[in-house]
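# Structural overview for review
Residues per chain, in single letters:
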Amino acid sequence: MTRHPPTIDDESLIAALRLAAGHDPVPAHVSDAARAVFGLRLPGAATARPVATPAPSGVRSSEETRLLRFAAAELTVELEVTSLDGLVDLAGQVSPCPEAGTLVEIRTLHLTQSRELSPTGQFAVTGLPPGWFSVVCHRPEHAPVATSWTRIRP
Amino acid sequence: MAPDDAIAAAEHAMDLSGSDPARARALARGVLDSVPSTGPHREAAAVAHRALAVAARELGDLPLAEEHLHRAVSVAVSANLPHRAAQARLSLVHVRTELGHPEQALALAADAEPHLTPVEVAKLDVHRAVALGRLGRHREAAEHCDRAVDLLGEDARFLAGAMLNRGLARAFLGEFEAAETDLTRCAELARAAGLDHVLTLAEGNLPFLAARRGDLLTAFTAYRRAESSLFGYPERLATMRCDLAEALIAAHLPGEARVLLDLAVPELIAAGAEVALSEARLLRARVELRTGDPRRARESAALAAAGLAAQGRTTLTPLAVEILLRARLMLEPPSGELLAEMLACVDALAAAGHSNASAALRFTSAEVSLQLGDLAAADDQLGRLACRGRGVVTRQATALRRALAGDRRGAFAAVRSGLAEVGAAAKAFENPMVRAHAVREGEPLAELGLALALETGRGRTLLAWTERWRAVVGGTGQPVAPDLDELRAALGDRVLVEFVRHGDELVAVAVTPDRVVLRRLGPFTAVAEATVRLRYGLRRTHLLDGRASEPAGEAAELERLLFGPLRERRSRSAGRGDPLGDRPLVIVPTGTLHTLPWPLLPMNADRPVTVAASAATWLAGSRTRAVPNGRIVAVAGPELRYAEAEARMVGVCHPGTERVVARRAEVTEALDRAEIAHLATHGVFSPRSPLLSSIHLDDGPLMAYDLLRLRTPPRLVVLSACDAGMAHAPADGAPLGLAGTFLSLGSQCVVASLVPVRDEETLALMTVFHGLLAAGHPPAQALTMASAKTRTAGFVCFGYGGQPMATGREGSATQLDQDPT
């Protein structure tokens, strides 16, 4: 269901070199996409990187896990992904539970949804388009913590 | 090499080019290397180039194929060999079509035809059928194949091709039986003649055909087979994926379609298959629009429109423009300019023969006119649609027009006629998933009915309209609502709360012993997100996954959102208290609420709760009667520590319980005979394809699909497993999943969990539950009491849980069995 950005392969490298050498003009939508992605940058943010989640035991389910866990120095962001009808529901929790007034932003390449955390540090967003996403946690008087960009397939 | 020998060698290469392209290529190269490019050898060179072209086409290199064919034509023309030139053009028809120029291919065919033999004209017709198909002219394509079949004689390769193309054309025309016959014949011919890749193409079209017929299980099975046999033909594999994606879109499965298209598009770009690529982009744009991604839809549709225009495929271009406009409508505020472009597209769609798409866009244009405040323009557009006769859009237009004119009764009548049409068409599908998707065509009509009902502000009117839609979705074929008096009589002391979603608004209708009340609850999104949060917390708690906190806070929040307005306002009105009180509850959920563990809400701690797909199905369940001394079966699935003990416990609670070995055949057979079944197993819910949800047995999963074969399912089913009560409802009224499947087949009650449950805790809960059941408590009440006593949450009682079970034990329900009213 999810995968992390792949390392660049030979074909993409050659294509990039051709573009850089000016053999082919840069297509307009590539520049647009680059500009859009540039706009998503978060100066000073700490990146929470993916860490393994333990397999559940002692439950009556043998399902593969749909849980993702991202860890930064002092924060853990956990996410559960559900796909329905080509759209994606995300639920998650920030721990340890941050102080009141903490916001999470769920960012996709085209739209950003903002949610206040519940008193237990939970949040949910429904009906997201599949694709790349990142969750950013904004705490008062702290630098933001952003999960590394992750791709959800429908 | 003498000219005649060279020609013979080139002809031999040509013969081989379809079945053994690599050898054909070597042979044809040999001919070209050994003959001079002038004089009497030019004929051999022309034939050799054509053989190289066909071989290149077989190997997926369309530009190289085109290059060789152009050489073949020019060599033949320079040598004044019109027949050879026409033969090369015959092959070029196919290649130009695939490269994105079907109109030009048809012109080439017309040029070539006078110089060809009758058999060659037949072959030309087979290629022409592909071009016609690409232009959406499926009827003509089928006719050309008909003509070809009579003339082709024993030519297995072209005969197989004719069958393939005709089969596809017939599938598009909805002539499924004939299409299947053609594709089967194609496969037989190809197999006998050793034409392996034609065989795989024929088989590759089976998933498309199956999906078009609405048989999705067959479609996916055939797809997986074709996927492995088309390995090494990336362009054809991609085309097959696009075909299946198109059928999946028609079956309202955009998520699955999108996965296939994302795989196909890069392959088609790599192969230079411009025709297929434009179609794939058009499909992808449609999927992206439908899955709420208008930005990407706009990008894909623009690329598709440019490609289609360059290929001269004027019949498909308006479809891409339509998606562009609809994407803009989702991203921009409506404007007069956008409306004008939409109306131009309405005409272009109609002119290109897409009358349904044209009508649908005209309706949207009327809605935009309304938003812009131009009532007269809206009425004009609706008037044109209303005189079309039948169909969802026509009924929608008629209803909206009458409503605008203040004729609500007339509007309701139009909605009802439309829902009856949709219901009658969907009833033909036996598979509940296919049916639930097929009725979605009627969703806008149902929405209109709900909007009009909401305007009345009357609970009973809204209840009737939401029930009508649920009846259609549930497969009754008729938009009928249950009789309110009868419902009330069956409810007795219970309160039924039916949730209704209209756009992003959530509404509750409560049927109490003395009234029907309607309450608006606010935005649905807030409730959906709270539900997702609650389930998340509960899952984490049950998985013992570290820092998860108790979900009590989220449960209290949901209770406030869902029941607050019903309870507060009541208590304020004079002399009337909270209508829910401590009465037992029957809940009819909508959308995401199908995944909410209702007993978890604080107010339900001691209250029996049942969850039903509709008021009508609950009512039907209340009429089911117990079989005196019916059989009870218990199954313990593999890889669970406490399943065995649980099955034994069921036997202790209910003497005479039969242990059934956990194998699919035995369990299926037992389910068909049992009155009560208890299954303690692993469970898996498949949100994308709920009928693939399963419980684990010794010899593999028992899927919801497998249950569709049951004739007489148990009256009470206890699915003592994770997630087995989970459901996805593509449309309200048909919650799909394991529990939903049992209920749709006629089970009266299913007890199952909506979240992962812990093995050991489940044994404790079930022990108390079965003890209470044996003592004569009905399932809903037994579950509430057992959950409270063991403090184990997650299980829900679905269907009708108000009837005690006759389990044969002294003092058990045999004596208590009574009319549930």
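Overview of the structure. (Residues numbered from 1 in each chain as written. Chains lettered and ligands numbered in written order. Predicted model: local features only at pLDDT ≥ 70, side-chain atom pairs only at ≥ 80, totals over all residues. Heavy atoms only, no water.)

### Points about the nonpolar core
One finds B:Val497, B:Phe499, B:Leu562, B:Phe563 and B:Trp598 to be the most contacted residues of the largest nonpolar core, which totals 204 residues. Top contributing element to this core by residue count: helix H13 (residues 234-250) of chain B, with nine residues. In this structure, A:Val59, B:Leu543, B:Leu772 and B:Ala780 belong to the second largest nonpolar core, which totals 36 residues. (Core = buried A, V, L, I, M, F, W, Y, C linked by side-chain atoms within 4.5 Å. Buried < 20%, exposed > 50% of the residue type's maximum accessible area, 1.4 Å probe, protein only. Helix = DSSP H or I, 4+ residues; strand = E, 2+ residues; numbered from the N terminus.)

### Here's the deal with the sheet that holds strand S11 (residues 700-703) of chain B
All names here are of chain B. The strand order S9-S10-S11 describes an open sheet built from three strands, whose pairing is antiparallel. The two strands at the open ends of the sheet, each matched to only one other strand, are strand S9 (683-684) and S11. Note that S9 and strand S10 (residues 694-697) share two bridges and pair antiparallel. When the sheet's bridge partners are listed, Val684 is paired in S10 with Ser694. Helix-sheet contacts for helix H31 (residues 664-673) involve S10 and S11, and the interaxial angle to S11 is about 25°. (Pairing = 2+ DSSP bridges. Contact = heavy atoms within 4.5 Å. Axes fitted to C-alpha atoms, helices over the stretch in contact; angles between N-to-C directions.)

### What to know about the sheet that holds strand S5 (residues 609-611) of chain B
Residue and element names in this part refer to chain B. One open sheet holds the eleven strands; their spatial order is S3-S2-S1-S4-S5-S14-S13-S12-S8-S6-S7, and the pairing between them is mixed. The sheet is open, and its two edges are formed by strand S3 (516-523) and strand S7 (658-659), each paired on a single side. With seven bridges joining them, strand S2 (residues 505-511) and S3 adopt antiparallel strand pairing. Across the sheet, Val511 pairs through a bridge with Val516, a residue of S3. Sheet contacts for H31: strand S6 (632-636), S7 and strand S8 (676-680); angle to S8, the most-contacted strand, approximately 150°.

### Considerations on the pairing of strand S14 (residues 795-799) of chain B
All names here are of chain B. In terms of residue burial, S14 counts as a mostly covered element, since five of its five residues are buried. Where S5 meets S14, two bridges bridge the pair, whose relative direction is parallel. Within the sheet, the bridge partner assigned to Thr610 lies in S14 and is Cys797.

### Quick notes on the side chain of A:Thr108
Secondary-structure assignment places A:Thr108 in strand S6 (residues 103-108). Not counting residues within four places of it along the chain, the set of residues in contact with A:Thr108 comprises A:Leu40, A:Leu128, A:Trp132, A:Phe133 and A:Trp149.

### Side note on the environment of B:Glu486
Residue and element names in this part refer to chain B. Position of Glu486 among the secondary structure elements: in helix H26 (residues 484-491). Given the relative accessible area of 37%, Glu486 is considered partly exposed. Not counting residues within four places of it along the chain, the set of residues in contact with Glu486 comprises Leu619 and Arg623.

### Section: the interface of chain A and chain B
If you look at the interface, chain A gives 42 residues, while chain B gives 51 residues. Overall, the association of chain A and chain B removes approximately 3800 Å² of surface from exposure, summing both partners, and the carbon and sulfur fraction of that is 50%. Counting every contact that joins chain A to chain B gives three salt bridges. There are four residue pairs in polar contact (both at pLDDT 80 or more) connecting chain A and chain B. Split into classes, the residues belonging to the side of chain A that touches chain B amount to 16 nonpolar, 16 polar and ten charged. (Buried area = accessible area lost by both parts, 1.4 Å probe. Salt bridge = Lys/Arg side-chain N within 4 Å of Asp/Glu carboxyl O. Polar contact = N/O pair within 3.5 Å; in protein donor to acceptor, adjacent residues only side chain to side chain. Nonpolar A, V, L, I, M, F, W, Y, C, P; charged D, E, K, R; others polar.)

### A few points about the pattern of salt bridges
Residue and element names in this part refer to chain B. Evaluated as defined, the whole model comprises 54 salt bridges over all chains. Residue Arg147 pairs with Asp125 through a salt bridge whose shortest N-O separation is 3.0 Å. Of this pair, Arg147 sits in helix H8 (residues 138-152) while Asp125 sits in helix H7 (residues 118-134); the two residues are 22 residues apart in sequence, bridging distant segments of the chain. Here Arg147 falls in the partly exposed class, since its relative accessible area comes to 42%.

### Re unusual backbone geometry
Here the residue pair A:Ser95 and A:Pro96 is connected by a cis peptide bond, since its omega of -5° sits within 30 degrees of zero. Backbone geometry places B:Glu639, a non-glycine residue, at a positive phi of 60°. Along the chain, B:Glu639 turns up in the loop between S6 and helix H30 (643-653). A positive phi is found at B:Arg791, a non-glycine position, where the angle reads about 50°. Turning to its location among the elements, B:Arg791 is positioned in the loop between helix H35 (779-790) and S14.

### Side note on the packing of aromatic side chains
Residue and element names in this part refer to chain B. In total, this model carries six aromatic pairs over all chains according to the counting rule given. On the numbers, 5.2 Å between centres and 50° between planes, the contact of Phe172 with Phe208 is tilted. Residue Phe172 is located in helix H9 (residues 156-172), and its partner Phe208 is located in helix H11 (residues 196-212); the two are separated by 36 residues in the primary sequence. According to the relative accessible area criterion, Phe172 is partly exposed, its value standing at 27%. Ring centres of Phe412 and Trp465 lie 4.7 Å apart, and the angle between their planes is 15°; on these two criteria the pair is classed as stacked. Taken together, the positions of Phe412 in helix H22 (residues 408-427) and Trp465 in helix H25 (residues 459-473) put the pair 53 residues apart, joining distant regions of the chain. With respect to burial, Phe412 and Trp465 carry one shared label: buried. A network of ring pairs unites the aromatic residues Phe499, Phe563 and Trp598 as a single cluster. Cation over ring: Arg468 sits above Trp465, and NZ or CZ is 4.5 Å from the ring centre. Positioned above the aromatic ring of Phe524 is the side chain of Arg501, whose terminal nitrogen or guanidinium carbon lies 4.7 Å from the ring centre. (Phe/Tyr/Trp six-rings, centres within 6.5 Å; stacked < 30°, edge-to-face > 60°. Lys NZ or Arg CZ within 6 Å of the ring centre and 35° of its normal.)

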